[in-house]
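A look at the structure
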Amino acid sequence: MNLNLQPKLEMNLQLPQVLLKESNNQYERLKGKLTLEQFKVFDDRAEFKTVIALSDFVANTIFSYPDVCTKLVEQGALDSDTFSLDPKDAVNSYIEDKLSEFELKKRLRILRRTRAMVIAWRDLTGKASIDEVLVSLSNLAEAIVLRTIDVVRAQLKNAYGDAVDEEGKPLPLLTLGMGKLGGQELNFSSDIDLIFAYPFEGQTVGSVRQLTHREFFSRIVQRTANML
């Protein structure tokens, strides 16, 4: 059974004085940072002032990444109960193979924060069920982890070749999500616990510089952890 215990914020609530002050401060701060067109996208929403009063994270994310956040709103992300459930294609297209370490970390940060902003907004306004929030956060984390592994592996292949089976097919790096991630119950403050495994030992092929499978996959895991 899906339970949604939060009231929808169809209009601004009567905020207590401390939150009203916070709302006004954030409102003016965002108004000074965003373009007129960007600001109107948010200001046209009746719940805008309430959301930025309740969440520094939402306000700061919009302030830091106005272009991306505005585009997400224009795409209907805040009003869709399915937009955040399957982020795989968006993650894969945004996290490209040939990125520098600096750019990759930057894009991962933007992707995580802006997509989480959408989920948080729907959560705070009661538009999303508890199931939607938890599954959306879990699917976002899963998509980001798996895509980062793929990108890191592609980069290491250029230097050390790849780990393959007897038919020349790449060996999988099995990635097991434990705890809340494995149960699709990730929340905004959750850590993610992962276990990695590979099928069998051997050496990489396709490059003069070789690594054992253990070394190859260990480097993938270490670099992925650093990126995330």
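Residues numbered from 1 in each chain as written. Predicted model: local features only at pLDDT ≥ 70, side-chain atom pairs only at ≥ 80, totals over all residues. Heavy atoms only, no water.

**As for the pattern of salt bridges**
Between side chains of opposite charge, a pair can form as their charged atoms come close. Taken as a whole, this structure holds eleven salt bridges when the rule is applied. Between Glu47 and Arg45 there is a salt bridge, with the nearest N and O atoms lying 3.1 Å from each other. Here Arg122 makes a salt bridge to Glu132, at a shortest N to O gap of 2.7 Å. A residue pair is termed long-range when its members are at least 10 positions apart, and Arg122 in helix H7 (residues 101-124) and Glu132 in helix H8 (residues 130-160) qualify at ten residues. Residue classification places Glu132 among the buried residues on the basis of a relative accessible area of 10%. One network of salt bridges, in which partners are shared, links Arg45, Glu47 and Asp79. (Salt bridge = Lys/Arg side-chain N within 4 Å of Asp/Glu carboxyl O. Helix = DSSP H or I, 4+ residues; strand = E, 2+ residues; numbered from the N terminus. Buried < 20%, exposed > 50% of the residue type's maximum accessible area, 1.4 Å probe, protein only.)

**Brief notes about the packing of helix H2 (residues 36-43) against helix H5 (residues 66-74)**
Any two packed helices are characterised by the angle at which their axes cross and by the distance between the axes. Axis separation between H2 and H5 bottoms out at 10 Å; the angle between their running directions is 50 degrees. Here H2 lies oblique to H5, going by the angle between them. Note that H2 runs across H5; the crossing there is left-handed. In this structure, H2 uses Gln38, Val41 and Phe42 to contact H5, whose residues at the interface are Pro66, Asp67, Cys69, Thr70, Val73 and Glu74. Tallied by class, the residues present in the contact of H2 with H5 amount to five nonpolar, two polar and two charged. (Axes fitted to C-alpha atoms, helices over the stretch in contact; angles between N-to-C directions. Parallel < 35°, antiparallel > 145°, perpendicular 65-115°, else oblique. Left-handed = near helix turned anticlockwise from the far one by under 90°. Contact = heavy atoms within 4.5 Å. Nonpolar A, V, L, I, M, F, W, Y, C, P; charged D, E, K, R; others polar.)

**Here's the deal with helix H1 (residues 17-33)**
Over its 17 residues, H1 runs 24 Å from end to end, which matches the ideal 24 Å to within 8%, given 1.5 Å per residue. For H1, the complete set of buried residues consists of Ser23, Gln26, Tyr27 and Leu30. Projected onto a plane normal to the axis of H1, the buried residues spread over an arc of 105 degrees and lie on a single side. When the buried face of H1 is taken as reference, the exposed residues oriented beyond 90 degrees from it are Gln17, Val18, Lys21 and Gly32. As for H1, its buried residues are in contact with H2, helix H3 (48-54) and helix H4 (56-64). (Expected span 1.5 Å × (residues − 1). Arc of directions from axis to C-beta.)

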